[in-house]
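Structural characterization, general
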Amino acid sequence: MSPTFLKEKGYAFKIYSNEEERMHIHVVKEDKEAKFWLEPQVEIAYKGGFNQHEINKIQQIVEIYADYFKRQYQLHIGGRIDD
């Protein structure tokens, strides 16, 4: 089970263990799941059933919380803390 790091506007923002090293966040709502890269900048990796309007809304949320998600990713995955 992967932890949920934020719930906002019906979306759950999660980080899964044992995936690629590039920082990213998964966004889940109902049966849809998108993925956003957090580095080198916030960008969509895949839409996972969300329409473009939803992706735009989700991206705004990811951009607002990008630093928080990066920190949580570092703590969750381990070994990536740069401080």
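This part covers the packing of aromatic side chains. Inspection of the entire model under this criterion finds four aromatic pairs. Measuring from ring centre to ring centre gives 5.8 Å for tyrosine 68 and phenylalanine 69, while their planes differ by 50°; the resulting arrangement is tilted. Three or more aromatic residues joined by ring pairs form one cluster here, namely Phe13, Tyr65, Tyr68 and Phe69. Lying across the ring of tryptophan 37, arginine 22 places its NZ or CZ 4.1 Å from the centre. Over the aromatic face of tyrosine 11 sits the side chain of lysine 29, whose NZ or CZ is 4.8 Å from the ring centroid.

Our next topic: the pairing of strand β1 (residues 4-8). Remark: a regular strand shows side chains that alternate across the two faces of the sheet. Across four bridges, β1 lies against strand β2 (residues 11-14) in antiparallel orientation. Within β2, the position partnered with threonine 4 by the bridge is lysine 14. Hairpin remark: β1 followed by β2, antiparallel, with two residues in the connecting loop; positive phi at lysine 9, about 55°.

Definitions and cut-offs
- Residues numbered from 1 in each chain as written.
- Predicted model: local features only at pLDDT ≥ 70, side-chain atom pairs only at ≥ 80, totals over all residues.
- Heavy atoms only, no water.
- Phe/Tyr/Trp six-rings, centres within 6.5 Å; stacked < 30°, edge-to-face > 60°.
- Lys NZ or Arg CZ within 6 Å of the ring centre and 35° of its normal.
- Pairing = 2+ DSSP bridges.
- Helix = DSSP H or I, 4+ residues; strand = E, 2+ residues; numbered from the N terminus.

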